[in-house]
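Geometric and topological summary
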Amino acid sequence: ATGASTYGLIGSLIGITYVAALFVPAGLASAMAKFVARHRGQDDEDGARAAYRFLRRLSDVSALVLGVLAAAVANLLYPATLSETVQVGLLAAAFSAYSVDKAAFYGFDRVARYSVLEFIGSGLAIGATAIVIAVNSTWYLAPLILGYSIVVVGSRLSLRTAAPADYTLDRKEFLTFT
């Protein structure tokens, strides 16, 4: 069932997820790249790690909230099945986290690592798309969820560094910028 109406519905559902990411995640991504790089440029690795930890936590909360909201909007606006609604929520959350985690790679100057993960995630997404079509599945958004999640998980494993618990950040500056 990949006719014009399905194609239009899936395109609209993807659109919801990307619009959701224009809100908080886009600002958090800019803040991540800026503040992590700024602290690193000042030879303040503890500050960079503290900025990363703070912004990643905000990112995680916003990804969950936006995932739920995107799923609710999809359910209200379109004749989406439960499966499609869940996929919209997961895709919105994964893409939101991906946007911020990608910026963290840039802030920590780990672009090569990001590039490798992006190629792996993209390759898996393409392969998963072929499988979804071949088996006539309706999990059309799952390949995108997989692709973005590869970068998110890779980021969390690559950049996990502990910041001193007592390191003080100017959170107001971070939130104002975001």
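It should be noted that the structure appears before, not after, this text.
Our subject in this report is the structure included herewith. (Residues numbered from 1 in each chain as written. Predicted model: local features only at pLDDT ≥ 70, side-chain atom pairs only at ≥ 80, totals over all residues. Heavy atoms only, no water.)

Position of Arg56 relative to the elements: it lies in helix α3 (residues 45-77). Along the backbone, Arg56 and Leu141 are 85 residues apart, and their C-alpha atoms lie at a distance of 24 Å. Excluding its chain neighbours within four sequence positions, the residues that come into contact with Arg56 are Met32, Asp101 and Arg156. (Helix = DSSP H or I, 4+ residues; strand = E, 2+ residues; numbered from the N terminus. Contact = heavy atoms within 4.5 Å.)

Quick look at the environment of Ser62 now. With respect to the element layout, Ser62 can be found in helix α3. The spacing of Ser62 and Ala93 is 31 residues in sequence and 8.0 Å in space, taken between C-alpha atoms. Apart from the residues within four sequence positions on either side, Ser62 is in contact with Val24, Pro25 and Leu28.

Here the phi dihedral of Asp43 falls at roughly 55°; this positive angle occurs in a residue that is not glycine. By secondary structure assignment, the location of Asp43 is in the loop between α2 (24-41) and α3. The exposure class assigned to Asp43 is exposed, which follows from its relative accessible area of 74%. The residue Asn136 is not glycine, and still its phi comes out positive at about 60°. Position of Asn136 relative to the elements: it lies in the loop between α5 (111-134) and α6 (142-158). (Buried < 20%, exposed > 50% of the residue type's maximum accessible area, 1.4 Å probe, protein only.)

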